[in-house]
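Single-letter residue listing:
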Amino acid sequence: MGMAAVIETLSQGMALDKCHKCGCMQLALDAARQAFASSETVEAQESLKKIAEFQQQMEPIAYDCIGCKVCWGGEVTRRIEDCFGELDLESTPGVCESMEPTCSCSGGVCLPAWPPHPGEFIVGNPEGSVAICTLASHELPAAVISGSAAVAIAGKCDTENIGVEKVVLNILANRNIRWLILCGQESEGHCSGDAFLKLKEHGTDATMRIQQATSRRPVLKNLTMLDVASFRQQIEIINLVGCADADAVGVAVRECAARTVVPLADESSTLQHSSHETVKARLPKRLELDPSGFFVVLLNRPGGLIVCEHYENNGKHSHTIEGKEAALVAATAVGLGLVSRLDHAAYLGRELAKAEFALKSGGDYIQDAALGELPPEGQCSDSSCNCH
C-alpha cells in the first residue's frame, strides 16, 4: 500500500510541468528509487520502472523550490518517510547533489573544488601563480583574466571584512598562488585595497582588526592568526590600486610569472579551522500552516502597487497591504502580527520580491510560480496554484 501511495503522489506531481524542473521533485524521485531498490517484490520492481519513466521526464533543474502551497515533491518525501523511515540521500552511491559549476565528481564521489568559498570571481588556471583583485571595478575581472595561464583567479572585493576574508581563504586553499595584484577603483568607505596592503604589512591585533587600516570595520572575525600569518608568508602584493588598464595589469602578471619564488610547504591543515557549520538545504518533513493565516499577493499595475491580502485560516479577509516596495509591504505585515512562523515569513518575502520585480519589469507574476515559467493558459492543473 505504501509504494502505491508514493507512485500515486508522484503521478500527481509529474502531471505538472513546473515539477519537471523542480529540485523538490528530483529529491523525491531519488528517495523513492533508494527506498524501493531495497525490496525484491514484484510491486517494488514495477514501481522502479515507473520511477525510471518519471526520471526521463525530468528537465534541467531550474529552481530548488518555488514555495507551492502543495509541494508534490515534499508530499512524496513525507509518504516515503512514513513508510520506510528517513533516508540518507547523501550516502547514496553515484548521487552528486552539488549545485556548484566547479564540482568535480569521480566514481560517484563529490570532491571538494577550488575555490572553496563562493564569491564573484572568474577562475582561470588553478595552477597559476597570480590572483587579481579588482576591488570595486566589477567589470574588470573578465578583461584581466584572459590571455595568461599565470592567472589562477580574478574577482572583485567590495568590503574590508567579509570580502577580504573570502579572498584570503581562497588563496590559502591554493598554494600555487604567490602574487596578489590589487587593481581597479577602491571601494568608497570600505577601502578594501588599503585593508589588503595593511594586512600584508602589519597583520592584525589580538581582536583580529587589521592594524593601521583606514576603513571603517576592518575586523576579520572568520580568520585565525594562523590564517593571517600564512597569507602574509604566501603572498606578495602588487599595488596597482586605481589602475583599470587591462594592458597594464597584464604587464604586471607577466612580471610576476617570470619571477622565481621559494616553494611553500603544504599547510592544508590550516584550512580546517573553520567553526561555522555548513548544512545542506533540505525539504521540510511536514507542511505546517501559519496559525496567523495566509497571504494572496497580487499586482495593481495601473496604480503601480503590490497588493498583499491577508486571510485568516478560515478564509476571512482580515487585511490588505498596498505598497510599491516589497520590503515595506513585508515589514508592515510583520508589524501587524500577520506572520508567526519563520518559514512563512521567508515565503512571503520571496513572493513579494518576485512581485516587485514583475511590477517594475513589466513581466508576469503568478504566486507560487517561478519567474519566467508561467504555464500556457489552461495547462496548469494544480488546484493549489493561484493561477486559476
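Residues numbered from 1 in each chain as written. Predicted model: local features only at pLDDT ≥ 70, side-chain atom pairs only at ≥ 80, totals over all residues. Heavy atoms only, no water.

**Student:** I tried to follow the overall build of the protein on my own but got confused; where do I start?
**Tutor:** When its secondary structure is counted, the protein shows eleven helices and ten strands. Sequence-distant contacts, at least 24 apart, represent 64% of the contacts inside the protein between residues at least 6 apart. Entry remark: accessible area of the protein is about 20,500 Å², with carbon and sulfur atoms responsible for 53%. (Helix = DSSP H or I, 4+ residues; strand = E, 2+ residues; numbered from the N terminus. Contact = heavy atoms within 4.5 Å. Areas by Shrake-Rupley, 256 points an atom, 1.4 Å probe, with all protein chains shown as cover.)

**Student:** Is there a simple way to think about the packing of aromatic side chains in this case?
**Tutor:** Taken as a whole and assessed by the stated rule, the structure comprises one aromatic pair. Between phenylalanine 294 and tyrosine 311, the ring centres sit 5.5 Å apart and the planes meet at 10 degrees, which makes this aromatic pair stacked. Taken together, the residues span a long stretch of sequence, with phenylalanine 294 in strand β8 (residues 294-300) and tyrosine 311 in strand β9 (residues 305-311) at a distance of 17 residues. On the basis of relative accessibility, which here comes to 29%, the residue phenylalanine 294 falls in the partly exposed class. In this structure tyrosine 311 comes out as buried when scored by relative accessible area, which is 18%. (Phe/Tyr/Trp six-rings, centres within 6.5 Å; stacked < 30°, edge-to-face > 60°. Buried < 20%, exposed > 50% of the residue type's maximum accessible area, 1.4 Å probe, protein only.)

**Student:** What am I meant to see in the nonpolar core here?
**Tutor:** Side chains of nonpolar character tend, in soluble globular proteins, to be buried together. By size, the foremost hydrophobic cluster in this structure holds 28 residues, and its most contacted members are Leu180, Phe196 and Phe231. Elements that contribute at least two residues to this core include exactly β4 (130-133), β5 (151-155), α6 (162-172), β6 (179-184), α7 (192-202) and α8 (225-234). Top contributing element to this core by residue count: α6, with six residues. Residues in contact with phenylalanine 231, not counting those within four places in the same chain, are Val168, Ile171, Leu172, Leu180, Phe196 and Leu199. If you look at the next biggest cluster of nonpolar residues, it comprises 22 residues, including Ile7, Leu16, Cys19 and Met58. (Core = buried A, V, L, I, M, F, W, Y, C linked by side-chain atoms within 4.5 Å.)

**Student:** Is there a simple way to think about helix α11 (residues 342-361) in this case?
**Tutor:** Between its terminal C-alpha atoms α11 stretches 29 Å, which fits the 28 Å expected from 20 residues at 1.5 Å a residue. For α11, every residue scored as buried is listed here: His344, Tyr347, Leu348, Glu351, Leu352, Lys354, Ala355, Glu356, Ala358 and Leu359. Check the buried side of α11 and you find it contacts β8, β9 and α10 (326-335). Phi turns positive one or two residues past the end of α11, at glycine 362, with a value near 85 degrees. (Expected span 1.5 Å × (residues − 1).)

**Student:** Got a minute to help me understand the side chain of histidine 310 in this structure?
**Tutor:** Looking at the secondary structure, you find histidine 310 in strand β9. At 2.8 Å, the side chain of histidine 310 forms a polar contact with the backbone oxygen of serine 292. Engagement of the side chain of histidine 310 in a polar contact is seen with the side chain of serine 318, the distance being 2.6 Å. Not counting the four nearest positions on each side in its chain, histidine 310 is found in contact with Ser292, Gly293, Phe294, Phe295, Lys316, His317, Ser318, His319 and Leu338. (Polar contact = N/O pair within 3.5 Å; in protein donor to acceptor, adjacent residues only side chain to side chain.)

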